[in-house]
Amino acid sequence: MTDTTDAELIEAGRKLFAGDWRFIWAAPSIETLPPMQGIEVAFAGRSNVGKSSLINALTGRNALARTSHTPGRTQELIFFEGPKDGGLRLVDMPGYGYAAAPKTKVASWTSLIHKFLQGRASLARVYVLIDARHGLKDVDTEILKTFDKAAVSYQVVLTKADQVKKTELEAIVAATAAALSKHPAAFPEVLATSSRTGAGMPELRAAMIRLLRERNR
Ligand SMILES: Nc1nc2c(ncn2[C@@H]2O[C@H](COP(=O)(O)OP(=O)(O)OP(=O)(O)O)[C@@H](O)[C@H]2O)c(=O)[nH]1
Ligand SMILES: [Mg+2]
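What comes next concerns the included structure. All values reported here derive from a predicted model rather than from experimental measurement.

## A closer look at helix α2 (residues 51-59)
- Most of α2 sits inside the fold, with nine of its nine residues counted as buried.
- Of all the residues in α2, the buried ones are K51, S52, S53, L54, I55, N56, A57, L58 and T59.
- Following α2 by one or two positions, G60 adopts a phi angle in the positive range, close to 65°.

## Focus: the site of ligand 1
- Taken together, 23 residues surround ligand 1, and among them G50, S53, T67, T74 and G95 come closest.
- Among the residues forming the shell around ligand 1, the class breakdown is two nonpolar, 16 polar and five charged.

## Side note on helix α4 (residues 138-150)
- Between its first and last C-alpha, α4 extends 19 Å over 13 residues, near the 18 Å set by a 1.5 Å rise per residue.
- Every buried residue of α4 is accounted for by D140, I143, L144 and F147. Each buried residue of α4 lies within a common arc of 100° when the element is viewed along its axis, so the set occupies one face. Away from its buried face by more than 90 degrees, α4 exposes D138, T141, E142 and K149.
- A positive backbone phi angle near 55° is found at A151, which sits one or two residues after α4.

## Describing the nonpolar core
- F43, A44, V91, V126, V128 and L129 are the most contacted members of the largest nonpolar core, which has 55 residues in total.
- For this core, the element with the most residues is helix α6 (residues 201-216), which contributes seven residues.
- Sequence-distant contacts of L129, that is, excluding residues within four places in its chain, are made with F43, A44, G45, V49, G50, K51, L54, V157 and T159.

## A look at the sheet that holds strand β5 (residues 123-131)
- Spatial ordering of the open sheet is given by β1-β3-β4-β2-β5-β6-β7, a layout of seven strands whose pairing is mixed. The sheet terminates laterally at β1 (22-27) and β7 (191-192), the two strands that pair on one side only.

## Structural notes on the pairing of strand β4 (residues 88-92)
- Burial analysis of β4 places five of its five residues in the buried class, the great majority of the element.
- Taking every second residue as pointing to the same face, both faces of β4 are buried, with L88, L90 and D92 on one and R89 and V91 on the other.
- In the sheet, strand β2 (residues 39-45) pairs with β4 via five bridges, with the strands oriented parallel. Across the sheet, residue I39 finds its bridge partner in β4, namely L88.
- Direction of pairing for strand β3 (residues 77-81) relative to β4: antiparallel, over a ladder of four bridges. Paired with F80 across the strands is L90, a residue of β4.

## Let's talk about unusual backbone geometry
- We note that N48 has phi near 80°; this positive angle belongs to a residue other than glycine.
- In this fold, N48 is placed in the loop between β2 and α2.
- Backbone geometry places K160, a non-glycine residue, at a positive phi of 60°.
- Along the chain, K160 turns up in the loop between β6 (154-159) and α5 (166-180).
- Here K160 falls in the buried class, since 21 other C-beta atoms lie within 10 Å of it.

Rules used throughout
- Residues numbered from 1 in each chain as written.
- Chains lettered and ligands numbered in written order.
- Predicted model: local features only at pLDDT ≥ 70, side-chain atom pairs only at ≥ 80, totals over all residues.
- Buried ≥ 20, exposed ≤ 12 C-beta atoms within 10 Å, placed from the backbone.
- Helix = DSSP H or I, 4+ residues; strand = E, 2+ residues; numbered from the N terminus.
- Near = placed C-beta within 6 Å.
- Nonpolar A, V, L, I, M, F, W, Y, C, P; charged D, E, K, R; others polar.
- Expected span 1.5 Å × (residues − 1).
- Arc of directions from axis to C-beta.
- Core = buried A, V, L, I, M, F, W, Y, C linked by C-beta atoms within 7 Å.
- Contact = placed C-beta atoms within 7 Å.
- Pairing = 2+ DSSP bridges.

Below you can see the structure in the form of C-alpha cells.
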C-alpha cells in the first residue's frame, strides 16, 4: 500500500470516529442480540486487558464504555453504533480468563462469547487484545485456536504500550507476529496501541475503514 492510500485511510478513520458514537444495546445472552445491521467488529481479550478503554480511546469518549480497575467489569455483549452512514458497530465483550469469577459465571460468559463469534454473519473481524507487558498467554492461545477452528477472522492488538520500553515493545510485536504465523485465521500484522497516549489509534481506525471497504465492495 502506498503512503497516500495510508494517509487517505487514516483521514477516513479519523472522520468516522470523530462522529457521533452511542451505546445501542446490551445482550446478556445469545437470545437477546440486536438484529444484524451493517458491519460489526468485536473486542475480545483477557479480563482487564483494556477492551473498554480501547473503545473509549477509538471514539474519543471518556466514558462510552465502562472501565474499571477490577477485572470482570464488562459482563454482557455491549454494542455501540457510529454515524448512520458509517455502517460500523463496535462490540465490547466480557473478558475471559478471569480467575476470581464464580465458575458458573465464567462458563456462561465463555459460552456466550463462543456462540456469538461463531454465528454472527455481520461480524467482520475480532480484535484480540493482548497486554504488551505480558504477550500471549496459554489462555489467549486457546482462544485463538477456537477462532481458527471457527474460521473467525481476527487481528491481535497489543494494549498498554505506554507501560513498556520501545525496544521491549518491538520485541513483543515480533514474538507475537511469529506466534501468529501458526494460526490460519489470524491477520499477520500486530498493532501496538495505548489508550492512555492514543498511540496506534489512527492505524486501528484505518484498519476498520479498510475492512468496511472490503466488505461493502
Ligand atoms: N497504562 C494503561 N492502562 C490502561 C490502558 N488501557 C486500559 N488501562 C487500564 O486497565 C484497566 C482495565 O481497563 P478496562 O478497559 O476496563 O479493561 P477490560 O478489558 O474492558 O476489562 P473487563 O471488562 O473487566 O474484561 C483500567 O484500570 C484501565 O485504566 C492503557 O493503554 N495504558
Ligand atoms: Mg470491559
